[in-house]
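This is what each chain is made of:
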Amino acid sequence: MVFSTDKFIAEIEKQLSQIADDFVGDMADDANIVARRLSNEINNEKALAHMNEISTLAEMCTNMRHDCKALENAFVGMFRREHGSGKHAATGLDAMRIITEISNDINKIAPHISWLFEDDDCNIIQNIYNDSFFAPAEGQPV
């Protein structure tokens, strides 16, 4: 089995983009609920509390998008820096080492999505890693 750096990076990018999009969508739904309450509020203090809640939701979305991009950049940067830009430049062992290094620094790189590495029930990164292997065609060099 051969590890595909390109396949791993493409899937990391896709999954992190989807995580950010899903989070923003959920927070937008929450913000719409708060906005409806705000539009009916006549008490200024309560209205201010609703506006602060919407602001907090927006900040959470900004943080999530930032962290997803930062994690993507960390993977891309480390793979490219250490193994170049070849399709199969890194081995599976190289990839596991990079994943471990990033996992060790996740709270510096992307603290809002540290659960990707810290939650025992989350297997997104492991699944991406496992799915990045392929069997070379017969006669192809490994």
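None of the values given here were measured: they were computed from a predicted structure.

A. Structural context of the overall build of the protein. Summing up its helical and strand segments, the protein has six helices and two strands in all. What you see in the protein, going N to C, is helices and strands ordered as β-α-α-α-α-α-α-β. Its C-alpha radius of gyration of 20 Å places the protein more than 25% over the 14 Å reference for a compact globule of 142 residues. If you line up the protein on its principal axes, its C-alpha atoms span 75 × 30 × 25 Å. Counting the 142 residues in the protein, one finds 33% classified as buried. Surface exposure of the protein reaches about 8,600 Å², of which carbon and sulfur atoms provide 51%.

B. Structural context of the nonpolar core. Membership of the largest hydrophobic core comes to 33 residues, with the highest contact counts inside it found for F8, L71, F75, F79, L116 and F117. Of all the secondary-structure elements, those providing two or more residues to this core are α1 (5-40), α2 (44-83), α3 (92-104), α5 (115-118) and α6 (124-131). With sequence-adjacent residues up to four places away left out, F79 is seen in contact with F3, T5, F8, I9, G84, A90, A95 and I98.

C. Just α6, in detail. Of all the positions in α6, only I125, I128 and Y129 are classed as buried. The arc that holds the buried residues of α6, viewed along the axis, is 100°, so those residues lie on one side.

D. Expanded view of the side chain of S114. When you line up the elements, S114 lands in the loop between α4 (106-109) and α5. Here S114 is in contact with I106 and N107, once residues within four sequence places are set aside.

E. Summary view of the packing of α1 against α2. Taken N-terminus to C-terminus, the directions of α1 and α2 make an angle of 180°; their axes are 9 Å apart at the nearest point. With respect to α2, the element α1 is oriented roughly antiparallel. Here the contact of α1 with α2 is composed, by residue class, of 25 nonpolar, two polar and nine charged.

F. Just the state of the cysteines, in detail. Per the counting criterion, the structure on display carries zero disulfides. The cysteine C61 is free of any disulfide, with C68 supplying the nearest cysteine sulfur at 11 Å. The exposure class assigned to C61 is buried, which follows from its relative accessible area of 13%.

G. Representation of the packing of α2 against α3 within the structure. Following both chains from N to C, one finds α2 and α3 inclined at 135°, their axes separated by 11 Å at the closest point. Regarding the angle of α2 to α3, the classification is oblique. Two packed elements cross with a definite hand, and for α2 against α3 that hand is right-handed. Contacts from L71, A74, F75, M78, F79, E82 and H83 in α2 reach D94, A95, R97, I98, I99, E101 and I102 in α3. Taken together, the residues of the contact of α2 with α3 sort by class into nine nonpolar, one polar and four charged.

Rules and cut-offs
- Residues numbered from 1 in each chain as written.
- Predicted model: local features only at pLDDT ≥ 70, side-chain atom pairs only at ≥ 80, totals over all residues.
- Heavy atoms only, no water.
- Helix = DSSP H or I, 4+ residues; strand = E, 2+ residues; numbered from the N terminus.
- Rg over C-alpha atoms; globule rule 2.2 N^0.38 Å.
- Buried < 20%, exposed > 50% of the residue type's maximum accessible area, 1.4 Å probe, protein only.
- Areas by Shrake-Rupley, 256 points an atom, 1.4 Å probe, with all protein chains shown as cover.
- Core = buried A, V, L, I, M, F, W, Y, C linked by side-chain atoms within 4.5 Å.
- Contact = heavy atoms within 4.5 Å.
- Arc of directions from axis to C-beta.
- Axes fitted to C-alpha atoms, helices over the stretch in contact; angles between N-to-C directions.
- Parallel < 35°, antiparallel > 145°, perpendicular 65-115°, else oblique.
- Nonpolar A, V, L, I, M, F, W, Y, C, P; charged D, E, K, R; others polar.
- Disulfide = S-S within 2.5 Å.
- Left-handed = near helix turned anticlockwise from the far one by under 90°.

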